[in-house]
Amino acid sequence: MAKQTNGNKAMALIDEMKELEEKIRQLKIELGTLQADCVHEFVSNQLMKTCQKCLQSESIYY
Ligand SMILES: [Zn+2]
């Protein structure tokens, strides 16, 4: 890679962050779809219950 000024480096980092944020946004949608379609099998501890299949978790309030 060619030698970069700090400004170019910063811009490259910001561009990469934007790409990763977009990727995360897509993955959240994908996970949400997977969890929405799941027939949950929850396992509980004192604080929350977590589905063993899709890892969706919910807080438990008594
Ligand atoms: Zn589930």
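As the structure is a computational prediction, the values presented were derived from the model and not from experiment.

Participant: Just checking my understanding: could you explain unusual backbone geometry for this structure?
Facilitator: Of all residues except glycine, most have a negative phi; of all peptide bonds, most are trans. Despite not being glycine, L55 has its phi angle at roughly 65°, a positive value. Inspection of the secondary structure puts L55 in the loop between β2 (48-51) and β3 (57-59). The class of L55 is exposed, set by 11 C-beta atoms lying within 10 Å.

Participant: I tried to follow the sheet that holds strand β1 (residues 42-44) on my own but got confused; where do I start?
Facilitator: Sheet strands line up and pair through hydrogen bonds in the backbone, either parallel or antiparallel. If you trace the three strands from one edge of the open sheet to the other, you get β1-β2-β3, paired in antiparallel fashion. In the strand order of this sheet, the two ends are held by β1 and β3, each with one partner. Here the average twist between neighbouring strands, direction ignored, is 20°. Summarising the sheet, β1 and β2 pair through three bridges and their orientation is antiparallel. Across the sheet, residue S44 finds its bridge partner in β2, namely K49.

What counts, and at which threshold
Residues numbered from 1 in each chain as written. Predicted model: local features only at pLDDT ≥ 70, side-chain atom pairs only at ≥ 80, totals over all residues. Helix = DSSP H or I, 4+ residues; strand = E, 2+ residues; numbered from the N terminus. Buried ≥ 20, exposed ≤ 12 C-beta atoms within 10 Å, placed from the backbone. Pairing = 2+ DSSP bridges. Axes fitted to C-alpha atoms, helices over the stretch in contact; angles between N-to-C directions.

The quantities given are spatial measurements derived from coordinates; they are silent on function.
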